[in-house]
There are 2 protein chains.
Amino acid sequence: MEKLIAGVDVGGTTIKIALFPTEGEPVCKFEIKTRVREEKDFLWKDIRDGLYEKLDALGIERSALAAVGMGIPGPITKAGYLSSLVNLGGFGDCYPAKDLERLMGIPCIAGNDANVAAMGEFAYGAAKAYDSVLFFTLGTGVGGGVIVNGELVSGEHGLGGELGHLVVNPDETDSCNCGNRGCLEQYCSATGIVRMAKKFLLETEIPSVLRDGRDISCRVVCEAAENHDPVGEKVVDLFGKYMGLICAHMVLTLDPEAIILGGGVSRSGKLLTDPIEKYMAEYSHIAMHKPPVLIATLGNDAGVYGAAALARKLI
Amino acid sequence: MEKLIAGVDVGGTTIKIALFPTEGEPVCKFEIKTRVREEKDFLWKDIRDGLYEKLDALGIERSALAAVGMGIPGPITKAGYLSSLVNLGGFGDCYPAKDLERLMGIPCIAGNDANVAAMGEFAYGAAKAYDSVLFFTLGTGVGGGVIVNGELVSGEHGLGGELGHLVVNPDETDSCNCGNRGCLEQYCSATGIVRMAKKFLLETEIPSVLRDGRDISCRVVCEAAENHDPVGEKVVDLFGKYMGLICAHMVLTLDPEAIILGGGVSRSGKLLTDPIEKYMAEYSHIAMHKPPVLIATLGNDAGVYGAAALARKLI
């Protein structure tokens, strides 16, 4: 009987799951609904039941499942402790991997979702050719992951790769969701890009197609920039400046081989990687070699791929 | 015959060497003069000859020496390549460890000097109790070292831990030695502290004991701050702000267990660690736990201790 590995990506509305052979691409992908309950083990039981149901439906013995990896939308300490999932009604105060292990009787591992997605791109996607990479998830917020010499750097308290809350503008007056001011996420997430555009429209008289009354989304701003709209270009330049500054910091701290951008915002490709590379070069003056800034290739599947890559190490 | 390990710290004027048993403190420390010559192997031959001479003088068989570790004042790539040592007349274009290995017939290893000093504090000094630490050498310039899960992060091109050239103030108009503007080194090195003090004295009318015409050194500025001199305090506050910003970035990227300050500037102790901890807390708002900022304990010996720690892994 061939062994299988499960990659699980826990999100606020759905839990994505994929079953992988011990090597290569998944044999099946499916989703279950994320249900929030008071009961301590509800989330792990749902994952276990979802896995068993799928295995049964496929006619695969449950004992074929050798290990489970999970991405969780919150910080997990080195000891495996999760204090709280803000997007899941504060559920937490538990040890996700140990809890699932107890329920399923097989080795389990859990990590922060953005960290795990980085692992996915590292093991299967855009960073497959590298040993040390930096990964940004540019979505509604900004997450990240750091891989050094093939190992995920989760950190002592699970804060490894929390790149969205690096302060890039100490003079900012608007507050970030985290309560601080000037975080990378306030400029370089989808909401950050929209925020910047609205601010420029309000505070300047620069002509712009964005003044025509339409809904301003991240996509609309990027499209405007692609068509050389002055406000769109100003937003993209500031995006590049702050991303480039942080990338330069990482070049001079970790000297990675590549920087990978994932998440919805990264779909704008070269429009965004070009200014990042420009400012990164400027801010890391002494570095003879700068890493390329690449676009992630696994899309929303990065989480399940990364979770499987972590679980693979357990068998 | 008990095996010995040599730790070598190559500086611009002297080469510090210590001989260590396979465990514990060095059995002897000595120095040789750094000589700069055109001949390709001159530096490695001087190190070899210095080691042999000392062993002979101590009546220890040369074959007792099992491995040599070296700290070199320049970046060394993952492949072991050194392009150039600016402070040693541009000597370089070589593979230091391989060159010394060829001359001595025993395993050798080389790393950037600040990285190697970090390894010294990690293996023998202030960071002995930790697995993941960030290390700043605050001297004439600012160097650094990053240790993640017990391993030195030297990076692909040897730029790991080049913390002195992280840009902390993109609006700076003065140039750093590196040619860039706004590097951490321009504020947080001994020369940076003096530069800031002179700038405040020139550009403001804030009363200060530093206006009495004496020579302004880093020590004088720190002493003034300790005595609540307004300009001294302003300098220390800005020092703390920029160091704290970078420390916060590292908390949210690598989540280290401790941050260690070495180099001459670090002798001011709590005067400097207090403002760093204050600003680090402010800039890493989402981090529930902040690492302590500690003072290095090995002083100028950190290099030879770290070089020995690296060499120990070879036997």
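Our subject is the structure listed above.
The structure displayed is predicted, hence computed values, not measured ones.

Draft legend 1. View of the nonpolar core. Residues F136 and F239 of chain A together with F136 and F239 of chain B are the most contacted members of the largest nonpolar core, which totals 103 residues. No other element matches helix α7 (residues 230-251) of chain A, which puts twelve residues into this core. Excluding residues that lie within four positions of it along the chain, F136 of chain B makes contacts with V142, G143, G144, L163, L184, M243, I246, C247, I259, I260, L261 and G262 of chain B.

Draft legend 2. Inspection of the sheet that holds strand β11 (residues 258-262) of chain A at higher detail. Residues and elements named next belong to chain A. Sheet architecture is open: five strands sit in the order β10-β9-β8-β11-β12, paired in mixed fashion. Only two strands of the sheet have a single partner each, and these edge strands are β10 (151-152) and β12 (293-295). The pairing of strand β8 (residues 133-138) with strand β9 (residues 142-148) spans six bridges and is antiparallel. Residue pairing in the sheet places F135 in a bridge with G145 of β9.

Draft legend 3. Broad picture of the relation of the copies chain B and chain A. In screw terms, the move from chain B to chain A is a rotation of 180° and a rise of 0.0 Å along the axis, fitting with an RMSD of 0.0 Å. Both copies are brought into coincidence by an operation consistent with a two-fold rotation axis. Both copies contact each other with a shared surface, as 100% of the interface residues of chain B are interface residues in chain A too.

Draft legend 4. Geometry of the interface of chain B and chain A. On the chain A side, the residues contacting the 39 residues of chain B number 39 residues. Of the roughly 3500 Å² buried at the junction of chain B and chain A (both faces included), carbon and sulfur atoms supply 62%. Three residues, L159, T253 and D255 of chain B, lead the burial of chain B against chain A; their summed loss comes to 18% of the area buried on that side. There are two salt bridges connecting chain B and chain A. The closest approach of N and O atoms between K78 of chain B and D131 of chain A, which form a salt bridge, is 3.9 Å. Elements supplying a minimum of two residues to the side of chain B that touches chain A: β9 (142-148), α7 (230-251) and α8 (270-283) of chain B. For the side of chain B that touches chain A, the per-class residue count stands at 18 nonpolar, 14 polar and seven charged.

Cut-off values and rules
Residues numbered from 1 in each chain as written. Chains lettered and ligands numbered in written order. Predicted model: local features only at pLDDT ≥ 70, side-chain atom pairs only at ≥ 80, totals over all residues. Heavy atoms only, no water. Core = buried A, V, L, I, M, F, W, Y, C linked by side-chain atoms within 4.5 Å. Buried < 20%, exposed > 50% of the residue type's maximum accessible area, 1.4 Å probe, protein only. Helix = DSSP H or I, 4+ residues; strand = E, 2+ residues; numbered from the N terminus. Contact = heavy atoms within 4.5 Å. Pairing = 2+ DSSP bridges. Least-squares fit on C-alpha atoms with pLDDT ≥ 70 in both. Buried area = accessible area lost by both parts, 1.4 Å probe. Salt bridge = Lys/Arg side-chain N within 4 Å of Asp/Glu carboxyl O. Nonpolar A, V, L, I, M, F, W, Y, C, P; charged D, E, K, R; others polar.

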